[in-house]
Amino acid sequence: MSSKKNNMTNTSNFTPKGDLGALFAQARMFNQLNDQLSTLLPDAFKTLSLCTLKDNTATFVTHNQAVAFRAQKQQDALLDILKNLDTLSSIQKIIIKVDLTEH
């Protein structure tokens, strides 16, 4: 019998290779951006979460339909907030989606 040590991996420092590594990097980037946005967004929009950036468009998701409705009506204000972050300064359009799945 060989004796194996139980090696634990600290997942916060785990960096896989290939496509999975790219997904990890993207997830870390979105986590950092959402952390920065949480300090800039008004309380009414705190449940918005940035989930996609593509073609100068930022997509937010929320579980609250009322927040999504208010965010749709105040897209210019949200764009101004996004432009405060260098990474998001090129965003020209916002999409708001509602995630109704139960957890």
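Parameters at a glance
Once a new chain begins, its residue numbering starts again from 1 and follows that chain's sequence as written. It should be noted that, the model being predicted, local features are given only for residues of pLDDT at least 70 and side-chain atom pairs only at 80 or more, the latter also being counted only at that level, while totals for whole chains, interfaces and linings use all residues. To obtain the side-chain values, all non-hydrogen atoms of the structure were used and water was disregarded. Helix and strand definitions here come from DSSP, where helices need a minimum of 4 consecutive H or I residues and strands a minimum of 2 consecutive E residues; each element is numbered from the N-terminal end. The buried label applies to any residue whose accessible area, calculated with a 1.4 Å probe on protein chains only, is under 20% of its type's maximum; exposed applies above 50%, and partly exposed to all values in between. Contacts are assigned to residue pairs with any non-hydrogen atoms lying within 4.5 Å of each other. We get accessible surface area from the Shrake-Rupley algorithm with a probe of 1.4 Å; when it comes to residues, only the shown protein chains can shield them. What the arc describes is the spread of directions from the helix axis to the C-beta atoms. For every residue, the predictor reports its confidence as pLDDT, a number between 0 and 100. Residue count minus one, scaled by 1.5 Å, sets the expected span of a helix.

**Quick notes on the overall build of the chain**
Regarding its fold elements, the chain presents three helices and three strands. Across the 103 residues that make up the chain, the buried fraction comes to 26%. Once local pairs closer than 6 in sequence are excluded, the contacts in the chain between residues at least 24 apart make up 50%. Surface accessibility of the chain: about 7,700 Å² in total, with carbon and sulfur atoms responsible for 50%.

**Let's talk about helix α3 (residues 75-82)**
Buried within α3 are the following residues: Leu78, Leu79, Ile81 and Leu82. Projected down its long axis, α3 carries its buried residues within an arc of 160 degrees, all on one side. Among the exposed residues of α3, those oriented more than 90 degrees off its buried face are Asp76 and Asp80. Looking at the packing, one finds that the buried side of α3 touches α1 (18-40), β2 (57-62), α2 (65-73) and β3 (93-98).

**Here we look at the confidence of the model for the chain**
Any region with low pLDDT has predicted coordinates that should not be read closely. Averaged over every residue, the pLDDT of the chain is 88; residues scoring 70 or more account for 86%. At the level of individual helices and strands, the chain shows its lowest average pLDDT in α1, which scores 92, and its highest in β2, which scores 97.

**Overview of α1**
Counting along an α-helix, one turn takes 3.6 residues, and residues three or four places apart therefore face a common direction. Between its terminal C-alpha atoms α1 stretches 34 Å, which fits the 33 Å expected from 23 residues at 1.5 Å a residue. Contacts from the buried residues of α1 go to β1 (49-54), β2 and α3.

**Topic: the environment of Pro16**
Summarising the element assignment, Pro16 is placed in the segment before α1. Pro16 sits in the buried class, given a relative accessible area of 12%. Apart from the residues within four sequence positions on either side, Pro16 is in contact with Gly21 and Phe24.

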